[in-house]
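In case you want the letters, here they are:
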Amino acid sequence: MTEMKIIVSANYDEMSRLAAEQVATLVRQNPKAVLGLPTGSTPIGMYRNLIEMYRQGTLSFKQVTTFNLDEYIGLPPGDVNSYRYFMFENFFKHIDIQEENIHIPDGNAEDLEQECIAYENKIRAAGGIDLMVLGVGNNGHIGFNEPGDHFPVATHVTKLDESTIQANARFFDSIDQVPRYAITMGIGSIMRCHRILLLASGKAKAQAIRGAIEGPVTPKLPASILQFHSDVTIMLDAEAASLLSRSR
Ligand code: F6R
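Every value quoted in this text rests on a predicted model; they were computed, and no experiment measured them.

### Regarding the nonpolar core
Okay, so step 1: Core analysis: the largest hydrophobic core is formed by 32 residues, its most contacted members being Met46, Leu50, Phe91 and Phe92.
Okay, so step 2: Residue assignment for this core shows that the elements contributing at least two residues are α1 (12-29), β2 (34-37), α2 (44-55), α3 (83-90), β6 (131-134) and β9 (195-200).
Okay, so step 3: When residues of this core are assigned to their parent elements, the largest contribution, seven residues, is made by α1.
Okay, so step 4: Apart from the residues within four sequence positions on either side, Leu50 is in contact with Ala20, Val23, Ala24, Leu59, Phe61 and Phe91.
Okay, so step 5: Met185, Cys193, Ala223 and Ile234 belong to the second largest nonpolar core, which has 31 residues in total.

Okay, here's the thing in structure tokens:
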């Protein structure tokens, strides 16, 4: 039996609202909270809800610090497909967060190895991440920790899985333009976060979610490592939850 808390919502909107509530509750309790954040389609609804709370004056990010999970390597600065661009468009430019408190790996750093080490050091200097919000790939990746034969520990440069390149091609003009490499927090960086909130929506995630929650812990399905974390909440919509065993 896992310690994971599983919350199944009827649909994406409901899941997004609940996820935003979790983040908001933490930030209200601790206005200096350190958040780990994902990009992708999944968290967009959560970000919309958080922006709405900020607009209504019920939530402030003024003292919040953020660390993004990952960034593509080699996209020109300001590229609309960079995760930096995504985060500003979908979240940061709409709230009162201080720019100096925003951290996103630099996929154009001259020395990428050094950038990875510096990123880990910044997380440590901030006192670690209080709440890490994660999406999950169709193949079970978290961050860009792709299925493999071991769990990469620290922030590192990784080659994207063919299936990830295909899944992410939807945002680019052609599949050739999808970067092949990225910087990502490692599995160790993720497991050191005090709390984890993983979100998954839609049928394409159902298999990975079943494996992550009910299967063996294996680097072939990186999200399965979360079974070893002591404070994980998994929020699903009905489709993403559709392959979980009924006894649950
Ligand atoms: C994004 C990230 C990825 C995504 C995953 C799901 O920062 O680290 O692991 O969370 O690929 O992406 P979506 O939400 O687009 O299905």
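### Observations regarding the packing of aromatic side chains
Okay, so step 1: Counted under the stated rule, the structure contains nine aromatic pairs.
Okay, so step 2: Relative to Phe144, the ring of Tyr83 lies with its centre 6.0 Å away and its plane at 25°, an arrangement referred to as stacked. Of this pair, Tyr83 sits in helix α3 while Phe144 sits in the loop between β6 and β7 (156-159), and the two are 61 residues apart along the sequence.
Okay, so step 3: With a relative accessible area of 10%, Tyr83 lands in the buried category.
Okay, so step 4: One aromatic cluster is present, formed by Tyr47, Phe61, Phe88, Phe91 and Phe92 through successive ring pairs.

### What about the site of the ligand?
Okay, so step 1: As a structural note, the neighbourhood of the ligand is formed by 14 residues, with Thr42, Asp70, His141, Gly143 and Lys205 the closest of them.
Okay, so step 2: Within the backbone of Thr39, one N or O atom sits 2.9 Å away from an oxygen atom of the ligand.
Okay, so step 3: Measuring from an oxygen atom of the ligand, one finds a backbone N or O atom of Ser41 at 2.8 Å.
Okay, so step 4: Within the complex, 92% of the 410 Å² of free accessible area of the ligand lies under protein.
Okay, so step 5: With respect to the detected pockets, the ligand is housed in the largest pocket.
Okay, so step 6: Split into classes, the residues belonging to the shell around the ligand amount to three nonpolar, eight polar and three charged.

### Re the environment of Ala20
Okay, so step 1: In this structure, Ala20 sits in helix α1.
Okay, so step 2: By relative accessible area, which is 0% here, Ala20 ends up buried.
Okay, so step 3: Sequence-wise, Ala20 and Leu50 are 30 residues apart; in three dimensions their C-alpha atoms are separated by 5.7 Å.
Okay, so step 4: Each residue touching Ala20, except ones within four places of it in the same chain, is listed here: Met46, Asn49, Leu50 and Met53.

### Here's the deal with the pairing of strand β8 (residues 181-184)
Okay, so step 1: Alignment of strand β4 (residues 70-72) against β8, held across three bridges, turns out to be antiparallel. Residue pairing for β8: Asp70 is matched across the bridge by Thr184.
Okay, so step 2: Sheet topology places β7 next to β8; four bridges connect them, and they run antiparallel. Across the sheet, residue Lys159 finds its bridge partner in β8, namely Tyr181.

### Remarks on the sheet that holds strand β1 (residues 5-9)
Okay, so step 1: Read from one edge of the open sheet, seven strands run β1-β10-β9-β6-β2-β3-β5, paired in parallel fashion. Two strands in the sheet have a free side with no partner beyond their single neighbour: β1 and β5 (102-103).
Okay, so step 2: When β2 meets strand β3 (residues 65-68), the two strands line up parallel, connected through four bridges. Looking across to β3, one finds that Gly36 is bridged to Phe67.

About the criteria used
- Residues numbered from 1 in each chain as written.
- Predicted model: local features only at pLDDT ≥ 70, side-chain atom pairs only at ≥ 80, totals over all residues.
- Heavy atoms only, no water.
- Core = buried A, V, L, I, M, F, W, Y, C linked by side-chain atoms within 4.5 Å.
- Buried < 20%, exposed > 50% of the residue type's maximum accessible area, 1.4 Å probe, protein only.
- Helix = DSSP H or I, 4+ residues; strand = E, 2+ residues; numbered from the N terminus.
- Contact = heavy atoms within 4.5 Å.
- Phe/Tyr/Trp six-rings, centres within 6.5 Å; stacked < 30°, edge-to-face > 60°.
- Near = heavy atom within 4 Å.
- Polar contact = N/O pair within 3.5 Å; in protein donor to acceptor, adjacent residues only side chain to side chain.
- Areas by Shrake-Rupley, 256 points an atom, 1.4 Å probe, with all protein chains shown as cover.
- 1 Å grid on protein atoms, 1.4 Å probe; cavity = no way out; pocket = protein on both sides within 12 Å on 5 of 7 lines; lining within 4 Å.
- Sits in = over half its atoms within 2 Å of the grid points.
- Nonpolar A, V, L, I, M, F, W, Y, C, P; charged D, E, K, R; others polar.
- Pairing = 2+ DSSP bridges.

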